[in-house]
Amino acid sequence: MRLSQKSINRISNINWFANVGVMQNIPDIIVENSLSEAALKLSESQWEDTTLEASNSISAFVSVNFPKLFDDWNIVAQEARLFFDAKITSSIPSINGIDNNLLIHCVSWDITHYFIEDYYKECLRGDLFFNRLVSVYESGHLPCGWNGKWPSGKLIIY
């Protein structure tokens, strides 16, 4: 298995969405206080594009600079998806006002890419985007959008 036990434990211990809708002052993050706005942002292509760009950035960097190690990408992704489906999906509560299929899809994408990013973290430079999203989940919130053009800008959470 290529997923680290430390990361598996980290994801397994998240109290999903325990603080959604609770206003907090978190540096360099925009907190959305409207459920309807959070649901809209989560479903917008801008948020999907942002997470896709973050994933593509990892993929491009590793494939060019560590081509042998890049061969593990699909294996890590498959292990991450299997872990998520078997151990995490059932612990994700629904959020009234957000389509549950969209919610599960977004969380699954983020967690899968967190495991990929974690696997390659020794090779990467700069901020670890998906690690930051996991920190948001750990705080009981939902990452739901991006203000600006990635990588500049600010994360939006609910």
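Residues numbered from 1 in each chain as written. Predicted model: local features only at pLDDT ≥ 70, side-chain atom pairs only at ≥ 80, totals over all residues. Heavy atoms only, no water.

Draft legend 1. The layout of surface pockets, seen in detail. Its volume calculated, the largest pocket comes out at about 340 Å³. Lining the largest pocket are 16 residues, and of these Arg-125, Asp-127, Leu-128, Phe-129 and Trp-150 lie nearest its centre. When residues of the lining of the largest pocket are traced back to their parent elements, those giving at least two are helix H3 (45-65) and helix H7 (129-138). The element best represented in the lining of the largest pocket is H3, accounting for four residues. Considering only residue class, the lining of the largest pocket consists of nine nonpolar, three polar and four charged. Its boundaries defined by the atoms lining it, the second largest pocket holds a volume of some 200 Å³. For the lining of the second largest pocket, the elements supplying multiple residues, two or more each, are helix H2 (35-43), H3 and helix H6 (100-120). Ranked by residue count, the leading element in the lining of the second largest pocket is H6, at five residues. Across the lining of the second largest pocket, the residue classes break down as six nonpolar, three polar and three charged. (1 Å grid on protein atoms, 1.4 Å probe; cavity = no way out; pocket = protein on both sides within 12 Å on 5 of 7 lines; lining within 4 Å. Points joined across faces, edges and corners; volume = space filled by probe spheres on them. Helix = DSSP H or I, 4+ residues; strand = E, 2+ residues; numbered from the N terminus. Nonpolar A, V, L, I, M, F, W, Y, C, P; charged D, E, K, R; others polar.)

Draft legend 2. Local environment of the nonpolar core. Ile-11 and Trp-16 are the most contacted members of the largest nonpolar core, which has 50 residues in total. By residue number, the principal contributor to this core is H6, which donates nine residues. Here Ile-11 is in contact with Trp-16, Phe-83, Ile-88, Ile-111, Tyr-114, Phe-115 and Val-134, once residues within four sequence places are set aside. (Core = buried A, V, L, I, M, F, W, Y, C linked by side-chain atoms within 4.5 Å. Buried < 20%, exposed > 50% of the residue type's maximum accessible area, 1.4 Å probe, protein only. Contact = heavy atoms within 4.5 Å.)

Draft legend 3. Focus on the sheet that holds strand E3 (residues 154-157). In space, the three strands of this open sheet follow the order E1-E3-E2, with mixed pairing throughout. The sheet is open, and its two edges are formed by strand E1 (29-31) and strand E2 (143-147), each paired on a single side. Ignoring strand direction, the axes of neighbouring strands in this sheet form an average angle of 30°. Those strands touched by H7 are E1, E2 and E3, and its axis lies near 130° from that of E2. (Pairing = 2+ DSSP bridges. Axes fitted to C-alpha atoms, helices over the stretch in contact; angles between N-to-C directions.)

Draft legend 4. Quick peek at helix H1 (residues 5-12). Looking only at H1, the buried set comprises Ser-7, Ile-8 and Ile-11. All buried residues of H1 project into a common sector of 105° when viewed along the axis, lining one side. When the buried face of H1 is taken as reference, the exposed residues oriented beyond 90 degrees from it are Gln-5 and Lys-6. If you follow the buried residues of H1, they end up packed against helix H5 (73-88), H6 and H7. (Arc of directions from axis to C-beta.)

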